[in-house]
Amino acid sequence: MRTWKTHNDSTIECICYGRSNVFLVSRNDHHILIDTGTSPSYATIRKTLNAIFASGGKAEALILTHAHFDHSANASKIKAAFPLRLVAHRDDLSHFINGTNPEIRGSRPFTRFITDTFQKPLSGMMRYSPVEIDVVVDDRYDLDAFGINGYIIHTPGHTPGSVSVIVDDEIAIVGDAMFGVKKNSVFPPFALDVKTMVQSWKVLLDTSCSTFLPSHGSENSRELLERECQRYADLPEL
Ligand SMILES: [Zn+2]
Ligand SMILES: [Zn+2]
């Protein structure tokens, strides 16, 4: 299990690593969960939350970075089992409520061919249990109420309602706004609007964060993100 610590004593743990990362952000006895992974991740999430509640800790929020199935599949189960408030962006809201995916669009010629050809069957296969969102986020949302020194910002592009979570202005949890699968690239294979996504990278660079934790793969450095911002600044439309 990978763990990061900020200078302000917040801890970020990747409690499920692999298909889709699930993060737990903690400060003193306060915790928030970010994303839920796919169905097999549920057992680990349940165990983690049970341990927090058994020890008298407070876990009050589940933040969903966007409405794709590999991030939201366990959200309704978690909401039914634990007293967490679900937090997500307004622009993906209708998908959470219906258990559907915002359009998955390839960001490179090959992945674009796949998504253009198989969009309909893919969307049907990837449905998940619908879930009500308790706290609807627009541009920014402070996490003080949940005992965490951080905030959520809107980082659209991968989907219209994608968000990132900034902890102590030092570490950002970015969902699929970037990937960490290739050593020298943060570019995700799927994004609805690449130009908007690159704009969101700039918004993330406007924070003081030095580390960016994606949902797929491992951490990206600020230096890599700066290089990628320049590289994709004048990307032609697919
Ligand atoms: Zn996604
Ligand atoms: Zn994903």
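Check the entry above for the structure.
Quick caveat: nothing in here was measured; it's all calculated off a predicted structure.

Participant: How would you explain helix α6 (residues 194–205) if you had to name every residue and give the values?
Facilitator: Spanning 12 residues, α6 covers 17 Å between terminal C-alpha atoms, matching the ideal 16 Å at 1.5 Å per step. All of the buried residues in α6 are Val194, Met197, Val198, Ser200, Trp201, Leu204 and Leu205. Buried residues of α6 fall within an arc of 150° about the axis and therefore sit on the same side.

Participant: Please provide a residue-by-residue account of the pattern of salt bridges, values included.
Facilitator: Counted by the stated rule, this structure contains eight salt bridges. A salt bridge links Arg231 to Glu228, with the nearest nitrogen and oxygen atoms 2.8 Å apart. Linking Arg231 with Glu228, this pair stays in helix α7 (residues 222–231), spanning three residues, or about one helical turn. For Arg231, a relative accessible area of 51% corresponds to the exposed category.

Participant: Account for the sheet that holds strand β11 (residues 171–175), naming residues and giving values.
Facilitator: Strands sit in the order β8-β9-β10-β11-β12-β13 across an open sheet of six strands; the sheet is mixed. The sheet terminates laterally at β8 (140–142) and β13 (220–221), the two strands that pair on one side only. Here β8 pairs with strand β9 (residues 150–154) via three bridges, running antiparallel. Bridge pairing links Tyr141 to Ile152 in β9.

Participant: Would you mind going over the coordination of the zinc ion (ligand 2) in detail, with residue names and values included?
Facilitator: Coordination sphere of the zinc ion (ligand 2), protein contribution only: Asp70 (OD), His71 (NE2), Asp176 (OD) and His216 (NE2), at 2.1 to 2.3 Å. The coordination sphere of the zinc ion (ligand 2) comprises four donor atoms, whose angles at the metal cover 88 to 159°; the geometry is irregular. Asp70 sits in the buried class, given a relative accessible area of 9%. Residue Asp176 is classed as buried on the basis of its relative accessible area of 3%.

Participant: How would you explain the pairing of strand β12 (residues 211–214) if you had to name every residue and give the values?
Facilitator: In regular strands, side chains alternate between the two faces of the sheet. Covered by surrounding structure in β12 are Thr211 and Leu213 together with Phe212 and Pro214, the residues of both alternating faces. Strand direction decides the pairing type here: β11 and β12, joined by four bridges, are parallel. Bridge pairing in β12 places Ile171 opposite Thr211. As for the winding sense of the linkage, the β-α-β connection from β11 through α6 to β12 is right-handed. Across two bridges, β12 lies against β13 in antiparallel orientation. Bridge pairing in β13 links Phe212 to Asn220. The turn joining β12 and β13, which pair antiparallel and follow one another in sequence, is formed by five residues; a positive phi near 95° is taken by Gly217.

Participant: For the coordination of the zinc ion (ligand 1), give the residues involved together with the corresponding values.
Facilitator: For the zinc ion (ligand 1), the full set of protein donor atoms is His66 (NE2), His68 (ND1), His158 (NE2) and Asp176 (OD), at a range of 2.1 to 2.3 Å. Around the zinc ion (ligand 1) sit four donor atoms, and with donor-metal-donor angles ranging over 92 to 171° the site reads as irregular. Separating the zinc ion (ligand 1) and the zinc ion (ligand 2) is a distance of 3.4 Å, and Asp176 donates to both of them. Taken together, the residues His68 in the loop between β5 (58–63) and α2 (69–72) and His158 in the loop between β9 and β10 (163–167) connect sequence positions 90 residues apart. Neither residue differs from the other here; His68 and His158 are each classed as buried.

Participant: I'd like to hear about the nonpolar core, residue by residue, with values.
Facilitator: The biggest cluster of nonpolar side chains holds 27 residues, and the ones touching the most others in it are Leu33, Ile45, Leu49, Leu62, Leu64, Ile78 and Phe96. Counting residues per element, the ones that place at least two in this core are β2 (11–16), β3 (22–27), α1 (42–54), β5, α3 (75–81), β6 (85–89) and α4 (93–98). Setting aside residues no more than four positions away along its own chain, Leu62 makes contact with Leu33, Asp35, Thr36, Ala75, Ile78, Leu84, Arg85, Leu86 and Val87.

Here is what the cut-offs are and how they apply
Residues numbered from 1 in each chain as written. Chains lettered and ligands numbered in written order. Predicted model: local features only at pLDDT ≥ 70, side-chain atom pairs only at ≥ 80, totals over all residues. Heavy atoms only, no water. Helix = DSSP H or I, 4+ residues; strand = E, 2+ residues; numbered from the N terminus. Expected span 1.5 Å × (residues − 1). Buried < 20%, exposed > 50% of the residue type's maximum accessible area, 1.4 Å probe, protein only. Arc of directions from axis to C-beta. Salt bridge = Lys/Arg side-chain N within 4 Å of Asp/Glu carboxyl O. Pairing = 2+ DSSP bridges. Donors = N, O, S within 2.8 Å, 3.2 Å for Na, K, Ca; no water. Tetrahedral: all angles 85-135°; square planar, octahedral: opposite > 155°, others 65-115°. Right-handed = clockwise from strand over helix to strand, strands pointing away. Core = buried A, V, L, I, M, F, W, Y, C linked by side-chain atoms within 4.5 Å. Contact = heavy atoms within 4.5 Å.

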